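What the coordinates show
Chain by chain, the residues:
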Amino acid sequence: TIAETSRDPAVPLKPLLDMVRPLQGFKDAINAFARENRSAYTRSTQARDLALLAISISNPLRLANLRMLTYKPDNTGHIRKVAGGWECFVPRIEFKNIRGAAKDRDYCQPLSAMAAKYFEQYIEGPWQALGGGAPGDRGLLFIARRKPNKVWKHLAAAYGNVTQRWLASAGC
């Protein structure tokens, strides 16, 4: 039955949840990943993945929402420059729970300092190397190599691979 085959979602997270500061494990993993020396070919995807991890910790959105995040230099995307830093703005209509918790308000929260750092590093070159930011581009932030106008179908798998590898390296 489904009850017998389902898994307890807390089990894979137990080492993190047992930490005094659970998000510290993610921060340690991100910092370890950032120190990895990559070839020129894979530096763009590393920068993308670092921005993805840092933003997902700073602004905990569903993967479907992360997949659709945009950045546009004219400040009309989901990630916007504001006085003192960056914010993530997602209109309530884009949430799965539009009739629930999201029904009365849009999501508008600042990026953490760590998320802003890796976001800026990503959009200052690697994003363009992957194909983002071209004229007529939809502005999708997290894109597969050379597929700027297509939603990154494998974002969840890539996110899982990166978090599994780097959380293990951080002792989680």
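Treat the numbers as computed from the prediction; the structure is a model and nothing was measured. (Residues numbered from 1 in each chain as written. Predicted model: local features only at pLDDT ≥ 70, side-chain atom pairs only at ≥ 80, totals over all residues. Heavy atoms only, no water.)

1. Notes on the side chain of Arg67
- Mapped onto the elements of the fold, Arg67 is located in helix H5 (residues 63-68).
- No salt bridge is formed by the buried Arg67. Its closest oppositely charged neighbour is Asp49, at 12 Å.
- With near-sequence residues (within four places) excluded, Arg67 lies in contact with Leu140, Val151, Trp152, Lys153, Leu155 and Ala156. (Helix = DSSP H or I, 4+ residues; strand = E, 2+ residues; numbered from the N terminus. Buried < 20%, exposed > 50% of the residue type's maximum accessible area, 1.4 Å probe, protein only. Lys, Arg positive; Asp, Glu negative; His and termini not counted. Salt bridge = Lys/Arg side-chain N within 4 Å of Asp/Glu carboxyl O. Contact = heavy atoms within 4.5 Å.)

2. Side note on the sheet that holds strand E1 (residues 79-82)
- Ordered in space as E1-E2-E3, the 3 strands form an open sheet in which the pairing is antiparallel. Looking at strand neighbours, the two that pair on one side only are E1 and strand E3 (107-110), the edges of this open sheet. Neighbouring strand axes in the sheet, compared pairwise and without regard to direction, differ in orientation by 30 degrees on average.
- Pairing between strand E2 (residues 85-90) and E3: 4 bridges, direction antiparallel. For Cys88, the partnering residue across the bridge sits in E3 and is Gln109.
- Across the sheet, helix H6 (residues 113-123) is in contact with E1 and E2; its angle to E2 comes to roughly 90 degrees. (Pairing = 2+ DSSP bridges. Axes fitted to C-alpha atoms, helices over the stretch in contact; angles between N-to-C directions.)

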